[in-house]
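Here are the chains, one letter per residue:
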Amino acid sequence: MALSRFFRSEPSSIWDPFSWDPFPAPVLPLWDSEFSSPSRQLFRDASAVANTQVDWRETSDAHILKADMPGLKREEIKVEVEDGRVLSISGERTKEETQNDDRWHRVERSYGSFLRKFRIPEDVNLDELKAQMENGVLTISIPKVAQPKPNVRTITIAG
């Protein structure tokens, strides 16, 4: 992170823990404004991906993914399988509407689109994939394909 982010008269992003700057810098040119800077949009997009936290564990009979989705309804989340083996979790957190007379003291919650993708192993049955949402946690369960047990046949030895 560049030091210039700390020496600005406006917060550099909603992720910035320092909301007040004791040494304000002059206003930057229009091309570096909050809404037009491509680098800021990239930062927000990267933050949205990084802040969608997912745990993935493998049990003897399934792969289970759990993603924190606080404040979202299941209709606002999309779970898809792309190209046969890529699990995609996406959605969007909308920004809270404000009134002109509102005075914000801190903005720490993220908003915007998010996307996470995972390459799924070959040993699963994607047709049996299940997703459920409970208490702000999305749980995706992908059962493994039952491994065929070896067919052992005893042969009697003549003699």
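As a reminder, the structure under discussion sits directly above these lines.
Computed from a predicted model, the values in this text were never measured in an experiment.

**Some words on the packing of aromatic side chains**
For any pair of aromatic rings, the description rests on two quantities: the centre-to-centre distance and the angle between the ring planes.
Moving on, step 1. This model, assessed by the stated rule, comprises one aromatic pair.
Moving on, step 2. An angle of 85 degrees between the planes, with centres 5.9 Å apart, marks the rings of Trp-56 and Phe-118 as edge-to-face. Taken together, the residues Trp-56 in strand 1 (residues 54-58) and Phe-118 in strand 5 (residues 112-119) connect sequence positions 62 residues apart.
Moving on, step 3. Lying across the ring of Phe-114, Arg-93 places its NZ or CZ 5.0 Å from the centre.

**Quick notes on the side chain of Arg-93**
Moving on, step 1. Take Arg-93: it is sitting in strand 4 (residues 86-93).
Moving on, step 2. The buried charged residue Arg-93 lacks any salt bridge, with Asp-68 as its nearest oppositely charged partner at 8.1 Å.
Moving on, step 3. Apart from residues lying up to four places away in sequence, Arg-93 is in contact with Thr-52, Asp-68, Met-69, Pro-70, Leu-72, Ser-110, Tyr-111, Gly-112 and Phe-114.

**Regarding the sheet that holds strand 5**
Strand pairs in the sheet, formed through backbone hydrogen bonds, run parallel or antiparallel to each other.
Moving on, step 1. Here we have three strands laid out as an open sheet, ordered 3-4-5, and antiparallel in their pairing. Each edge of the open sheet carries a strand with a single partner, namely strand 3 (77-82) and strand 5. Pairwise comparison of adjacent strand axes, ignoring direction, gives a mean angle of 15 degrees for this sheet.
Moving on, step 2. As judged from the six bridges shared by strand 3 and strand 4, these two strands associate in the antiparallel manner. By the bridge assignment, Glu-80 is partnered in strand 4 with Ser-88.

**Quick look at the sheet that holds strand 6 (residues 130-134)**
Moving on, step 1. Pairing is antiparallel across the open sheet formed by four strands, whose spatial order is 1-2-7-6. The open sheet has two free edges, formed respectively by strand 1 and strand 6, since each of these has just one partner strand. Recorded for the sheet is a direction-independent mean angle of 15 degrees between the axes of neighbouring strands.
Moving on, step 2. Where strand 6 lies against strand 7 (residues 137-143), five bridges are found, and the strand directions are antiparallel. Residue Glu-134 lies in a different strand from strand 7, and its bridge partner there is Val-137.

**A short note on the nonpolar core**
Moving on, step 1. By size, the foremost hydrophobic cluster in this structure holds 15 residues, and its most contacted members are Leu-65, Met-69, Ile-89, Leu-138, Ile-140 and Ile-142.
Moving on, step 2. Contributions of two or more residues to this core are made by strand 2 (62-68), strand 4, strand 5 and strand 7.
Moving on, step 3. Here the element with the most residues in this core is strand 7; it accounts for three residues.
Moving on, step 4. Setting aside anything within four residues of it in sequence, one finds Ile-89 in contact with Met-69, Ile-77, Lys-78, Phe-114, Leu-115, Arg-116, Phe-118, Leu-138 and Ile-140.

**Things to note about unusual backbone geometry**
Among all residues except glycine, the phi angle is most often negative; among peptide bonds, the trans geometry is most common.
Moving on, step 1. At Asp-83, a residue that is not glycine, the phi angle is positive and equals roughly 50 degrees.
Moving on, step 2. Structurally, Asp-83 is set in the loop between strand 3 and strand 4.
Moving on, step 3. Overall, Asp-83 belongs to the exposed group, its relative accessible area being 77%.
Moving on, step 4. A positive phi angle is found at Asn-135, which is not glycine, with a value near 55 degrees.
Moving on, step 5. Inspection of the secondary structure assignment puts Asn-135 in the loop between strand 6 and strand 7.
Moving on, step 6. The class of Asn-135 is exposed, set by a relative accessible area of 74%.

What counts and what doesn't
Residues numbered from 1 in each chain as written. Predicted model: local features only at pLDDT ≥ 70, side-chain atom pairs only at ≥ 80, totals over all residues. Heavy atoms only, no water. Phe/Tyr/Trp six-rings, centres within 6.5 Å; stacked < 30°, edge-to-face > 60°. Helix = DSSP H or I, 4+ residues; strand = E, 2+ residues; numbered from the N terminus. Lys NZ or Arg CZ within 6 Å of the ring centre and 35° of its normal. Buried < 20%, exposed > 50% of the residue type's maximum accessible area, 1.4 Å probe, protein only. Lys, Arg positive; Asp, Glu negative; His and termini not counted. Salt bridge = Lys/Arg side-chain N within 4 Å of Asp/Glu carboxyl O. Contact = heavy atoms within 4.5 Å. Pairing = 2+ DSSP bridges. Axes fitted to C-alpha atoms, helices over the stretch in contact; angles between N-to-C directions. Core = buried A, V, L, I, M, F, W, Y, C linked by side-chain atoms within 4.5 Å.

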